[in-house]
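Examining the three-dimensional arrangement
What follows is each chain in one-letter form.
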Amino acid sequence: MSIKSVILKTGAFLFLACLFLMPSMHAQAAVKKMDILNGDSRKSCQVDLDGDGVKEKLKMAVKYDAYDCIKNVSVYVNGKKALVIKPPFDYSVRADYIRMSGSDIFVRIQTLGASDVSGSDYFYRYDPSRIKLVKETKLLDMNESASGASVKTVTDTEIRIQYYHQLDKIGRVSWTGTYVFEDGRLKLKPAAYKVTSTVTTESGDADGYGKLLEKNQYKSIGGDLALYKDTAMDNLSYMVHKNDILTLKKIKYTKDEWFVQFEKGGKKGWLGLNGLGSRELFYGVSSRMVG
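Residues numbered from 1 in each chain as written. Predicted model: local features only at pLDDT ≥ 70, side-chain atom pairs only at ≥ 80, totals over all residues. Heavy atoms only, no water.

For the rest of this paragraph, the subject is the pattern of salt bridges. Throughout the structure, instances matching the rule amount to 14 salt bridges. Notably, a salt bridge pairs Arg 94 with Asp 96, separated by 3.0 Å at the nearest N-O pair. Asp 96 shares its class with Arg 94; the two are buried. Classification of Asp 96 by relative accessible area gives buried; the value is 0%. (Salt bridge = Lys/Arg side-chain N within 4 Å of Asp/Glu carboxyl O. Buried < 20%, exposed > 50% of the residue type's maximum accessible area, 1.4 Å probe, protein only.)

For the rest of this paragraph, the subject is a positive patch on the surface. Taken together, the side chains of Lys 63, Lys 71, Lys 81 and Lys 132 present a region of like positive charge at the surface. The residue Lys 71 is located in strand β4 (residues 70-77) in this model. (Patch = residues over 30% accessible without salt bridge, like charges linked within 9 Å, V, L, I, M, F, W, Y side chains within 5 Å. Areas by Shrake-Rupley, 256 points an atom, 1.4 Å probe, with all protein chains shown as cover. Lys, Arg positive; Asp, Glu negative; His and termini not counted. Charge placed at Lys NZ, Arg CZ, Asp CG, Glu CD. Helix = DSSP H or I, 4+ residues; strand = E, 2+ residues; numbered from the N terminus.)

Any two aromatic rings considered together are summarised by their centre-to-centre distance and by the angle between their planes. On inspection of all chains with the given rule, the structure shows eleven aromatic pairs. For the pair Tyr 163 and Trp 175, a centre-to-centre distance of 5.3 Å together with 25 degrees between the ring planes defines the contact as stacked. Placement of the pair is Tyr 163 in strand β11 (residues 158-167) and Trp 175 in strand β12 (residues 171-182), with a sequence separation of twelve residues. Of the two residues, Tyr 163 and Trp 175, neither departs from the other in class, the shared state being buried. Aromatic rings pair up to connect Phe 106, Phe 123, Tyr 179 and Phe 181 into one cluster. Above the ring of Tyr 122, the side-chain terminus of Lys 135 is found at 4.3 Å from the ring centroid. (Phe/Tyr/Trp six-rings, centres within 6.5 Å; stacked < 30°, edge-to-face > 60°. Lys NZ or Arg CZ within 6 Å of the ring centre and 35° of its normal.)

Have a look at this one:
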(Lines give C-alpha, C1' and ligand atoms only; values in the text may rest on other atoms or scores of the structure.)
Protein backbone atom coordinates (compact mmCIF):
# COMPACT_ATOMS: atom_id res chain seq x y z
CA MET A 1 0.00 0.00 0.00
CA SER A 2 1.40 3.40 -0.99
CA ILE A 3 2.13 6.13 1.56
CA LYS A 4 -0.43 8.38 -0.15
CA SER A 5 -3.12 5.71 0.22
CA VAL A 6 -2.29 5.24 3.91
CA ILE A 7 -2.51 8.99 4.53
CA LEU A 8 -5.84 9.25 2.73
CA LYS A 9 -7.33 6.31 4.65
CA THR A 10 -6.01 7.62 7.97
CA GLY A 11 -7.46 11.05 7.25
CA ALA A 12 -10.84 9.57 6.33
CA PHE A 13 -10.85 7.50 9.52
CA LEU A 14 -10.08 10.52 11.70
CA PHE A 15 -12.76 12.57 9.96
CA LEU A 16 -15.40 9.89 10.54
CA ALA A 17 -14.27 9.47 14.15
CA CYS A 18 -14.72 13.20 14.75
CA LEU A 19 -18.20 13.11 13.23
CA PHE A 20 -19.07 10.20 15.50
CA LEU A 21 -17.73 11.85 18.66
CA MET A 22 -19.08 15.36 18.09
CA PRO A 23 -22.73 14.65 19.05
CA SER A 24 -21.75 12.96 22.30
CA MET A 25 -19.29 15.73 23.16
CA HIS A 26 -22.00 18.31 22.49
CA ALA A 27 -24.52 16.40 24.57
CA GLN A 28 -22.15 16.31 27.54
CA ALA A 29 -21.38 20.04 27.44
CA ALA A 30 -24.51 21.11 29.33
CA VAL A 31 -24.90 19.87 32.91
CA LYS A 32 -27.80 20.08 35.36
CA LYS A 33 -27.30 18.80 38.91
CA MET A 34 -30.17 19.43 41.26
CA ASP A 35 -29.98 19.82 45.03
CA ILE A 36 -26.19 19.57 45.23
CA LEU A 37 -26.38 21.26 48.63
CA ASN A 38 -29.09 21.78 51.20
CA GLY A 39 -29.16 22.87 54.80
CA ASP A 40 -30.52 19.58 56.12
CA SER A 41 -28.74 16.57 54.67
CA ARG A 42 -26.28 17.48 51.89
CA LYS A 43 -23.81 20.02 53.23
CA SER A 44 -20.81 19.47 50.94
CA CYS A 45 -20.01 18.40 47.38
CA GLN A 46 -17.40 18.77 44.65
CA VAL A 47 -18.09 20.51 41.33
CA ASP A 48 -16.10 22.44 38.74
CA LEU A 49 -17.05 26.09 39.29
CA ASP A 50 -14.78 27.84 36.78
CA GLY A 51 -14.50 25.41 33.85
CA ASP A 52 -10.82 24.53 34.33
CA GLY A 53 -11.56 20.82 34.73
CA VAL A 54 -10.69 20.80 38.44
CA LYS A 55 -13.47 20.34 40.95
CA GLU A 56 -13.81 22.78 43.82
CA LYS A 57 -15.14 21.67 47.18
CA LEU A 58 -18.39 23.40 48.13
CA LYS A 59 -19.59 23.42 51.72
CA MET A 60 -22.72 24.95 53.21
CA ALA A 61 -23.12 26.00 56.84
CA VAL A 62 -26.49 27.18 58.15
CA LYS A 63 -27.20 28.98 61.43
CA TYR A 64 -30.72 28.99 62.89
CA ASP A 65 -32.37 31.13 65.54
CA ALA A 66 -34.53 29.95 68.44
CA TYR A 67 -37.58 29.76 66.14
CA ASP A 68 -35.82 27.55 63.54
CA CYS A 69 -35.58 30.44 61.09
CA ILE A 70 -32.33 30.82 59.19
CA LYS A 71 -30.07 33.52 60.61
CA ASN A 72 -27.51 33.16 57.83
CA VAL A 73 -26.19 30.75 55.22
CA SER A 74 -22.44 30.58 54.56
CA VAL A 75 -21.05 28.86 51.46
CA TYR A 76 -17.37 27.91 51.38
CA VAL A 77 -15.21 27.13 48.34
CA ASN A 78 -12.13 25.05 49.12
CA GLY A 79 -12.42 26.04 52.76
CA LYS A 80 -12.72 29.79 52.19
CA LYS A 81 -15.94 31.72 52.76
CA ALA A 82 -17.30 32.71 49.35
CA LEU A 83 -20.85 33.82 50.13
CA VAL A 84 -23.12 34.79 53.03
CA ILE A 85 -26.91 34.98 52.66
CA LYS A 86 -29.18 36.46 55.33
CA PRO A 87 -32.74 35.57 54.35
CA PRO A 88 -35.61 36.89 56.47
CA PHE A 89 -37.87 34.30 58.12
CA ASP A 90 -36.87 31.36 55.90
CA TYR A 91 -36.60 27.74 57.04
CA SER A 92 -34.60 25.88 54.41
CA VAL A 93 -31.99 26.41 51.68
CA ARG A 94 -30.92 24.44 48.62
CA ALA A 95 -28.52 24.79 45.69
CA ASP A 96 -28.44 23.57 42.06
CA TYR A 97 -25.45 23.33 39.71
CA ILE A 98 -25.87 24.56 36.14
CA ARG A 99 -23.22 24.42 33.43
CA MET A 100 -24.08 25.76 30.01
CA SER A 101 -20.78 25.62 28.11
CA GLY A 102 -17.14 26.36 28.81
CA SER A 103 -16.96 28.61 31.85
CA ASP A 104 -20.64 29.62 31.76
CA ILE A 105 -21.30 27.93 35.10
CA PHE A 106 -23.80 28.97 37.76
CA VAL A 107 -24.92 27.90 41.20
CA ARG A 108 -28.57 28.61 41.84
CA ILE A 109 -29.24 29.10 45.57
CA GLN A 110 -32.79 29.33 46.85
CA THR A 111 -34.09 29.89 50.37
CA LEU A 112 -37.60 28.78 51.28
CA GLY A 113 -40.05 29.88 53.94
CA ALA A 114 -43.47 28.65 55.02
CA SER A 115 -45.36 26.62 52.37
CA ASP A 116 -42.10 26.51 50.36
CA VAL A 117 -42.43 30.15 49.33
CA SER A 118 -39.10 31.49 48.03
CA GLY A 119 -37.42 34.10 50.18
CA SER A 120 -34.47 34.62 47.83
CA ASP A 121 -33.63 32.95 44.53
CA TYR A 122 -30.49 33.84 42.59
CA PHE A 123 -27.98 32.50 40.10
CA TYR A 124 -24.42 32.97 41.40
CA ARG A 125 -21.17 32.82 39.45
CA TYR A 126 -17.79 31.89 40.90
CA ASP A 127 -14.97 34.45 40.69
CA PRO A 128 -11.73 32.46 41.28
CA SER A 129 -9.60 35.61 41.55
CA ARG A 130 -11.53 36.69 44.65
CA ILE A 131 -12.74 33.23 45.72
CA LYS A 132 -16.28 34.62 45.83
CA LEU A 133 -19.68 33.50 44.61
CA VAL A 134 -20.96 36.66 42.94
CA LYS A 135 -24.67 37.38 42.55
CA GLU A 136 -25.43 37.10 38.84
CA THR A 137 -29.18 37.13 38.17
CA LYS A 138 -32.34 37.13 40.24
CA LEU A 139 -35.12 34.79 39.28
CA LEU A 140 -38.61 36.22 39.14
CA ASP A 141 -40.06 37.21 42.50
CA MET A 142 -41.74 34.09 43.83
CA ASN A 143 -43.05 35.69 47.01
CA GLU A 144 -46.59 34.34 47.24
CA SER A 145 -48.05 31.00 48.25
CA ALA A 146 -48.53 28.40 45.50
CA SER A 147 -45.46 29.82 43.76
CA GLY A 148 -42.09 28.36 42.88
CA ALA A 149 -39.52 27.66 40.19
CA SER A 150 -37.43 24.69 39.09
CA VAL A 151 -34.69 24.17 36.52
CA LYS A 152 -36.31 22.31 33.63
CA THR A 153 -33.55 21.95 31.03
CA VAL A 154 -30.03 23.24 30.40
CA THR A 155 -28.29 23.49 27.01
CA ASP A 156 -25.10 25.13 25.79
CA THR A 157 -27.02 28.34 25.11
CA GLU A 158 -29.97 28.54 27.50
CA ILE A 159 -31.49 27.63 30.85
CA ARG A 160 -35.22 26.92 30.92
CA ILE A 161 -37.04 27.52 34.19
CA GLN A 162 -40.47 26.10 34.94
CA TYR A 163 -42.45 28.65 36.94
CA TYR A 164 -45.53 28.13 39.09
CA HIS A 165 -47.07 31.37 40.25
CA GLN A 166 -50.28 32.79 41.64
CA LEU A 167 -51.54 36.12 40.35
CA ASP A 168 -54.62 37.57 41.99
CA LYS A 169 -56.40 38.33 38.69
CA ILE A 170 -55.94 34.97 36.94
CA GLY A 171 -55.09 32.55 39.76
CA ARG A 172 -52.50 29.78 39.65
CA VAL A 173 -50.61 29.45 36.37
CA SER A 174 -47.46 27.84 35.00
CA TRP A 175 -45.05 28.69 32.19
CA THR A 176 -41.46 28.10 31.12
CA GLY A 177 -39.07 31.07 30.99
CA THR A 178 -35.76 31.06 29.12
CA TYR A 179 -32.47 32.53 30.35
CA VAL A 180 -29.62 33.16 27.90
CA PHE A 181 -26.02 34.26 28.35
CA GLU A 182 -25.51 37.50 26.40
CA ASP A 183 -23.03 40.37 26.66
CA GLY A 184 -21.31 38.66 29.57
CA ARG A 185 -24.52 38.33 31.63
CA LEU A 186 -27.20 35.74 32.24
CA LYS A 187 -30.53 37.32 31.28
CA LEU A 188 -34.19 36.36 31.10
CA LYS A 189 -35.43 36.64 27.52
CA PRO A 190 -38.01 39.46 27.47
CA ALA A 191 -40.42 37.27 25.55
CA ALA A 192 -44.07 36.29 25.82
CA TYR A 193 -44.36 32.71 27.01
CA LYS A 194 -47.13 30.18 26.62
CA VAL A 195 -48.98 29.93 29.93
CA THR A 196 -51.49 27.46 31.35
CA SER A 197 -53.83 27.48 34.32
CA THR A 198 -52.92 24.83 36.91
CA VAL A 199 -56.44 24.61 38.34
CA THR A 200 -57.85 21.08 38.38
CA THR A 201 -61.22 19.58 39.28
CA GLU A 202 -59.74 16.45 40.84
CA SER A 203 -61.08 17.47 44.26
CA GLY A 204 -64.43 18.71 42.92
CA ASP A 205 -65.89 21.67 41.07
CA ALA A 206 -68.73 23.12 43.14
CA ASP A 207 -69.28 26.26 41.04
CA GLY A 208 -68.53 24.73 37.64
CA TYR A 209 -65.83 27.25 36.77
CA GLY A 210 -63.04 24.75 37.39
CA LYS A 211 -63.90 22.97 34.15
CA LEU A 212 -63.37 26.23 32.28
CA LEU A 213 -60.10 27.04 34.05
CA GLU A 214 -58.77 23.56 33.29
CA LYS A 215 -59.12 24.48 29.61
CA ASN A 216 -57.42 27.88 30.12
CA GLN A 217 -60.80 29.60 29.79
CA TYR A 218 -61.98 32.52 31.94
CA LYS A 219 -65.52 33.92 32.22
CA SER A 220 -65.71 37.69 32.63
CA ILE A 221 -67.51 39.09 35.68
CA GLY A 222 -68.02 42.62 34.39
CA GLY A 223 -67.81 44.57 31.18
CA ASP A 224 -65.81 47.37 29.62
CA LEU A 225 -62.42 45.69 30.01
CA ALA A 226 -60.02 46.84 27.28
CA LEU A 227 -57.43 44.50 25.76
CA TYR A 228 -54.66 45.82 23.53
CA LYS A 229 -52.71 44.63 20.49
CA ASP A 230 -49.38 44.59 22.32
CA THR A 231 -47.88 45.29 25.74
CA ALA A 232 -47.33 48.96 24.89
CA MET A 233 -51.06 49.19 25.67
CA ASP A 234 -51.67 51.87 23.03
CA ASN A 235 -53.77 50.23 20.33
CA LEU A 236 -57.07 48.63 21.29
CA SER A 237 -57.64 45.06 20.12
CA TYR A 238 -61.11 44.40 21.56
CA MET A 239 -63.41 45.03 24.51
CA VAL A 240 -64.48 42.38 27.00
CA HIS A 241 -68.12 42.31 28.06
CA LYS A 242 -69.92 40.61 30.93
CA ASN A 243 -69.97 36.79 30.68
CA ASP A 244 -67.54 36.73 27.75
CA ILE A 245 -65.33 33.64 27.80
CA LEU A 246 -61.66 34.29 27.08
CA THR A 247 -58.82 31.83 26.51
CA LEU A 248 -55.53 32.54 28.25
CA LYS A 249 -52.62 32.28 25.77
CA LYS A 250 -49.42 33.98 26.93
CA ILE A 251 -47.74 35.76 29.82
CA LYS A 252 -44.99 38.37 29.87
CA TYR A 253 -42.99 39.80 32.76
CA THR A 254 -40.98 42.95 32.27
CA LYS A 255 -39.65 45.54 34.73
CA ASP A 256 -41.86 44.29 37.58
CA GLU A 257 -44.95 44.38 35.37
CA TRP A 258 -47.19 41.46 34.42
CA PHE A 259 -49.04 41.19 31.12
CA VAL A 260 -51.32 38.39 29.94
CA GLN A 261 -52.73 37.69 26.51
CA PHE A 262 -56.28 36.42 25.99
CA GLU A 263 -58.07 35.28 22.86
CA LYS A 264 -61.74 35.92 22.13
CA GLY A 265 -63.45 34.99 18.88
CA GLY A 266 -60.14 34.68 17.04
CA LYS A 267 -58.86 38.06 18.27
CA LYS A 268 -55.93 38.30 20.65
CA GLY A 269 -55.37 41.08 23.14
CA TRP A 270 -53.09 42.00 26.04
CA LEU A 271 -54.11 42.98 29.53
CA GLY A 272 -51.78 44.69 32.01
CA LEU A 273 -52.33 43.28 35.48
CA ASN A 274 -50.66 46.11 37.39
CA GLY A 275 -52.88 48.94 38.50
CA LEU A 276 -56.17 47.05 38.42
CA GLY A 277 -56.62 47.39 42.17
CA SER A 278 -58.96 44.97 43.94
CA ARG A 279 -61.26 44.52 40.97
CA GLU A 280 -62.22 40.87 40.31
CA LEU A 281 -62.15 40.04 36.63
CA PHE A 282 -63.17 36.40 36.27
CA TYR A 283 -65.54 34.00 37.99
CA GLY A 284 -64.06 31.24 40.15
CA VAL A 285 -60.57 32.71 40.46
CA SER A 286 -60.65 34.29 43.93
CA SER A 287 -62.30 31.24 45.53
CA ARG A 288 -59.41 29.09 44.30
CA MET A 289 -56.59 31.30 45.57
CA VAL A 290 -54.15 29.67 47.96
CA GLY A 291 -53.04 31.48 51.13
